[in-house]
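Topology and contacts: notes
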Amino acid sequence: MRNWRAPIGALDRGNRAARQAAIPDGQAAAVIPPTLALARRQDKTPTGLPKSTMIAQRVGIAALRRGARPSLVPFIKAATGGMQARPVATAKISQDDGHQILVKQRLQRPVSPNLGIYKIEQTWLGHSAWTRITGCTLSAAAYVYFGAYLVAPLAGWHLETASLASAFATLPFAVKGGVKFFLGFPFAYHFINGLRHLWFDLGKGFAKPSIKRGEMALWTSSILSGLYLAFGL
């Protein structure tokens, strides 16, 4: 490896000799090596001050700015009303004790209102509930009849159409009317209310007066249709 320090040392000595020759007699001057002078120039800022001095000044100015800013702590205390954090104490209890505490808490809860506080047209005569009631009635009657019709040959029952018609004709008039009304009213109510729901699907009839008038018309038309199917046919 070549020794690179020897040429640099010779260059420094040559520069030093040239500077000493250029200095007049009687003047004292300090000869600074070029490497040291370069280091000093790099350590200074464009203002002529050392970098360490500039850094210290910047740190001091930043500290003064932070001190001049208003603190948010008084505002937070005023907004929270000066609330203080309290330590939370926990205790380990058994499962039975926890269950008893839960039972006591449930006894102090408010009781949910029952159906008695609502109007009768919203509970007992609600079209949504009666649509399901009538639908279940028709479905149950159909399942009972078709199930009995399937097992009739095995059980020896005569559930043919002619046999049922002749047996039904022997019943009293009121009984025949009651049986037909029991099947005719659910059919009429379910059918008419289905048409009403189709009207709802169009986005119409949701005003409160319209709903009340629709309820009365639904019950009136369903009862009249059931009576007609029971006694008019």
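Analysis parameters
Residues numbered from 1 in each chain as written. Predicted model: local features only at pLDDT ≥ 70, side-chain atom pairs only at ≥ 80, totals over all residues. Heavy atoms only, no water. Helix = DSSP H or I, 4+ residues; strand = E, 2+ residues; numbered from the N terminus. Buried < 20%, exposed > 50% of the residue type's maximum accessible area, 1.4 Å probe, protein only. Contact = heavy atoms within 4.5 Å. Areas by Shrake-Rupley, 256 points an atom, 1.4 Å probe, with all protein chains shown as cover. UniProt positions renumbered as here; feature names shortened; annotations may be inferred. Axes fitted to C-alpha atoms, helices over the stretch in contact; angles between N-to-C directions. Parallel < 35°, antiparallel > 145°, perpendicular 65-115°, else oblique. Left-handed = near helix turned anticlockwise from the far one by under 90°. Nonpolar A, V, L, I, M, F, W, Y, C, P; charged D, E, K, R; others polar. Phe/Tyr/Trp six-rings, centres within 6.5 Å; stacked < 30°, edge-to-face > 60°. Patch = residues over 30% accessible without salt bridge, like charges linked within 9 Å, V, L, I, M, F, W, Y side chains within 5 Å. Salt bridge = Lys/Arg side-chain N within 4 Å of Asp/Glu carboxyl O. pLDDT = per-residue confidence, 0-100.

Each helix and strand counted, the protein chain has 10 helices and zero strands in total. Its helices and strands taken in sequence order, the protein chain reads α-α-α-α-α-α-α-α-α-α from the N to the C terminus. Looking at the protein chain as a whole, 12% of its 233 residues are labelled buried. Across the protein chain, contacts joining residues at least 24 apart in sequence account for 59% of those joining residues at least 6 apart. Element-wise, carbon and sulfur atoms account for 66% of the exposed surface of the protein chain, whose accessible area totals about 19,400 Å².

The feature "transmembrane region" (unreviewed entry), as annotated in UniProt, sits at residues 129-152 and 164-192 in this numbering. As annotated, residues 129-152 comprises 100% helix and 0% strand, and the C-alpha atoms at either end are separated by 34 Å.

What follows covers the environment of Leu183. For Leu183, the location among the structural elements is in helix H9 (residues 173-201). Under the relative-accessibility criterion, Leu183 is labelled partly exposed at 39%. When the C-alpha positions of Leu183 and Leu138 are compared, they lie 7.1 Å apart, and in sequence the two are 45 residues distant. Residues contacting Leu183, with those up to four places away along its chain left out, are Leu138 and Ala141.

All right, on to the packing of helix H7 (residues 127-155) against H9 then. The interhelical angle for the contact between H7 and H9, taken along N-to-C directions, is 135°, at an axis separation of 9 Å. Between H7 and H9, the angle is such that the two are oblique. The crossing of H7 and H9 is left-handed. Taking contact as the criterion, the partners of His127, Trp130, Thr131, Thr134, Gly135, Thr137, Leu138 and Ala141 in H7 are, on H9, Phe182, Leu183, Phe185, Pro186, Phe187, Tyr189, His190, Asn193, Arg196, His197 and Phe200. The residue makeup of the contact of H7 with H9, split by class, is 10 nonpolar, eight polar and one charged.

This brings us to the packing of aromatic side chains. Counted according to the given criterion, the structure contains 10 aromatic pairs. With a centroid separation of 5.9 Å and an interplanar angle of 50°, the aromatic rings of Phe185 and Tyr189 are classed as tilted. Of this pair, Phe185 and Tyr189 are both found in helix H9, four residues apart, which corresponds to roughly one turn of the helix. The class of Tyr189 is buried, set by a relative accessible area of 0%. The structure contains a cluster of three or more aromatic residues connected by ring pairs, namely Trp130, Phe181, Phe185, Tyr189 and Trp219.

With that out of the way, let us pick up the side chain of Arg196. Here Arg196 lies in helix H9. Using a relative accessible area of 12% as the deciding quantity, one classes Arg196 as buried. Those residues within four positions of Arg196 in sequence are excluded, and the remaining contacts are His127, Ile211, Gly214, Glu215 and Leu218.

Turning next to the packing of H9 against helix H10 (residues 208-232). For the pair H9 and H10, interaxial distance at closest approach is 7 Å and the crossing angle is 145°. As for the relative orientation of H9 and H10, their crossing is right-handed in sense. Tallied by class, the residues present in the contact of H9 with H10 amount to 15 nonpolar, nine polar and three charged.

Turning our eyes to something else, we now look at a nonpolar patch on the surface. Taken together, the side chains of Leu171, Val175, Val179, Phe182 and Leu183 define a hydrophobic patch exposed on the protein surface, amounting to about 410 Å² of accessible area. Taking the relative accessible area as the measure of exposure, Val179 reaches 36% and is therefore partly exposed.

Okay, the confidence of the model for the protein chain next. Looking at the protein chain, the pLDDT average stands at 75 and 60% of residues meet or exceed 70. Mean pLDDT values over the elements of the protein chain span from 48, in helix H2 (residues 34-43), up to 93, in H9. Here residues 35-40 scores under 50 on pLDDT; set against residues more than four positions off or in separate chains, the count is three contacts.

Bringing the side chain of Ser222 into the picture now. Of note, Ser222 is situated in helix H10. Ignoring anything within four residues of it in the chain, the contact list for Ser222 reads Phe185, Ala188, Tyr189 and Ile192.

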